[in-house]
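Residues per chain, in single letters:
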Amino acid sequence: MITINNSVFDANGADKKAKVYGIILNGSEDITISGCEFRNMGYSSILNDSTGNVIVEDCSFDCSNVYNPIEGSQKVDNGNVSIRRCEFAGTPGNNYINFY
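Residues numbered from 1 in each chain as written. Predicted model: local features only at pLDDT ≥ 70, side-chain atom pairs only at ≥ 80, totals over all residues. Heavy atoms only, no water.

### Let's talk about the overall build of the protein chain
Counting its regular elements, the protein chain contains 0 helices and 12 strands. The helix and strand sequence of the protein chain, counted from the amino end, reads β-β-β-β-β-β-β-β-β-β-β-β. Computed over the C-alpha atoms, the radius of gyration of the protein chain is 12 Å, within 12% of the 13 Å expected from 2.2 N^0.38 for a compact globule of 100 residues. Across its three principal axes, the protein chain shows a C-alpha extent of roughly 30 × 25 × 20 Å. Expressed as a percentage of its 100 residues, the buried residues of the protein chain come to 38%. (Helix = DSSP H or I, 4+ residues; strand = E, 2+ residues; numbered from the N terminus. Rg over C-alpha atoms; globule rule 2.2 N^0.38 Å. Buried < 20%, exposed > 50% of the residue type's maximum accessible area, 1.4 Å probe, protein only.)

### Digging into the nonpolar core
With 16 residues, the main nonpolar core has Ile33, Phe38, Ile46 and Phe61 as its most contacted residues. Listing elements by their share of this core, those giving two or more residues are strand S3 (21-27), strand S4 (31-34) and strand S7 (54-57). (Core = buried A, V, L, I, M, F, W, Y, C linked by side-chain atoms within 4.5 Å.)

### Overview of the pairing of S4
On a regular strand, each side chain points to the face opposite its neighbour's, so the side chains alternate between the two faces of the sheet. With burial as the criterion, each face of S4 is covered, one bearing Ile31 and Ile33 and the other bearing Thr32 and Ser34. The sheet contact formed by strand S1 (residues 2-5) and S4 spans 4 bridges and is parallel. When the sheet's bridge partners are listed, Thr3 is paired in S4 with Thr32. Alignment of S4 against S7, held across 4 bridges, turns out to be parallel. Across the sheet, the residue bridging to Ser34 is Glu57, located in S7. (Pairing = 2+ DSSP bridges.)

### Focus: the sheet that holds strand S10 (residues 81-84)
As summarised here, the arrangement of the 4 strands in space is S1-S4-S7-S10, forming an open sheet in which the pairing is parallel. The outermost strands of the open sheet, each flanked by one partner alone, are S1 and S10. Averaged over neighbouring strand pairs, the angle between their axes works out to 5° when direction is ignored. (Axes fitted to C-alpha atoms, helices over the stretch in contact; angles between N-to-C directions.)

### Structural notes on the sheet that holds strand S5 (residues 37-38)
Ordered in space as S2-S5-S8-S11, the 4 strands form an open sheet in which the pairing is parallel. In this open sheet, the two edge strands, each paired with only one partner strand, are strand S2 (8-9) and strand S11 (87-89). Summarising the sheet, S5 and strand S8 (residues 60-62) pair through 2 bridges and their orientation is parallel. If you follow Glu37 over to S8, its bridge partner there is Ser60.

Next up, the structure:
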């Protein structure tokens, strides 16, 4: 289990069309991100390439300079990604949450 608590992610100055991410999740471990602040600019605040269970909770996202604040490129099985009690401020370039 990987746990990330009370951290700030800021890719200051990155264009939202650039492939810059606040954090990239990968591997098969379960991951919990809690109480974090994402004020980065760039393509996504969180890119989920993980095959494990992912929980994002009690986080804040500044969406005004981000294309997709939360994006996933792996298959999302029923229940393996949970996003709860998060605040999304501003309008992103595409979607607030985007999974493929």
